[in-house]
Amino acid sequence: MNNNHLKFLKLILKKNTLLRVLQIYECFNIILYGTSIEFGATDNKDKTFSNFIKGKSKFHYSNKISNKKLKVFYSDLTKKLNIPSKKYNNVLFFNILEHLPEYKLTFSEIFRIIKKGGSFIGSVPFIYQIHAAPNDYFRFSKQFFELNLKKYKFRQIKVKALGFGPFTASYSLLYPYLKYLPLLSQICLLLAYILDSLIQLFVKTDLKEIFPLGYFFIAKK
């Protein structure tokens, strides 16, 4: 078992949702340099995905609620951003797009503030409960990202389905209740994973492509 697998187990034991654990696991493989920005940062820096990124990138943080003490500045992603063009080498964008009632301007603005050769990295939920923060408007498919990232001139687009199959997807939906029973929750997850693995032996299509908990994407400018 490699170090990333051990980190995966620790994250599961810390009562993270399975989707969040899979999102963080993808971050373990990302190496960034230069100046980056993470949108959706909170007052709890332990919740920011930049903590799990490798490399020596300097991060700025932004949200719709500013926090001067934690250096989180205000941005409204449904409007033109008050950020100079080509300011950042990389943009992190996790679990935000589904909360935007208007998202069409977002892709063009993200493209504008990234330097040439920079990366746009993020993730969204798919088979996942409604989570209002403040509101939950959309679910986006793999085809949506492939089409729209290309439309807004991004290149080297990679979109990855996160999950294992129908049983782990069902576990994820039940997690808000199972989390209050720690040992039972982990046993249910193990059983769900085993059942998905057994089904996968008889199904040609990768089950996570049919029952994705969410998607992870990365694209270049």
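Residues numbered from 1 in each chain as written. Predicted model: local features only at pLDDT ≥ 70, side-chain atom pairs only at ≥ 80, totals over all residues. Heavy atoms only, no water.

## Here we look at the side chain of Thr106
By the secondary structure assignment, Thr106 is in helix α3 (residues 104-113). A relative accessible area of 2% places Thr106 in the buried class. In this view, Thr106 contacts Leu77, Phe93 and Leu100; residues no more than four positions away in its chain are not counted. (Helix = DSSP H or I, 4+ residues; strand = E, 2+ residues; numbered from the N terminus. Buried < 20%, exposed > 50% of the residue type's maximum accessible area, 1.4 Å probe, protein only. Contact = heavy atoms within 4.5 Å.)

## Describing helix α5 (residues 166-178)
Over its 13 residues, α5 runs 17 Å from end to end, which matches the ideal 18 Å to within 8%, given 1.5 Å per residue. At Ser172, α5 shows its largest kink, close to 35°, and the proline Pro176 lies no more than four residues downstream. Of all the positions in α5, only Pro166, Thr168, Ala169, Tyr171, Ser172, Tyr175, Pro176 and Leu178 are classed as buried. The elements touched by buried residues of α5 are α2 (18-27), α6 (182-200) and α7 (207-210). (Expected span 1.5 Å × (residues − 1). Bend = angle between axes of the 7 residues up to and from the residue.)

## Observations concerning the sheet that holds strand β7 (residues 114-125)
Pairing is mixed across the open sheet formed by seven strands, whose spatial order is β5-β4-β2-β6-β7-β9-β8. In this open sheet, the two edge strands, each paired with only one partner strand, are β5 (72-74) and β8 (155-162). In this sheet, adjacent strand axes meet at a mean angle of 20° when their direction is disregarded. Strand direction decides the pairing type here: strand β6 (residues 88-94) and β7, joined by six bridges, are parallel. Bridge pairing in β7 places Asn90 opposite Ser119. Strand contacts of α3: β2 (35-39), β6 and β7, with the helix running at about 140° to β7, the strand carrying the most contacts. Contacting β7, β8 and β9 (214-220), helix α4 (residues 142-151) crosses the sheet at an angle of about 165° to β8. (Pairing = 2+ DSSP bridges. Axes fitted to C-alpha atoms, helices over the stretch in contact; angles between N-to-C directions.)

Function cannot be read off these values alone, since they describe shape.
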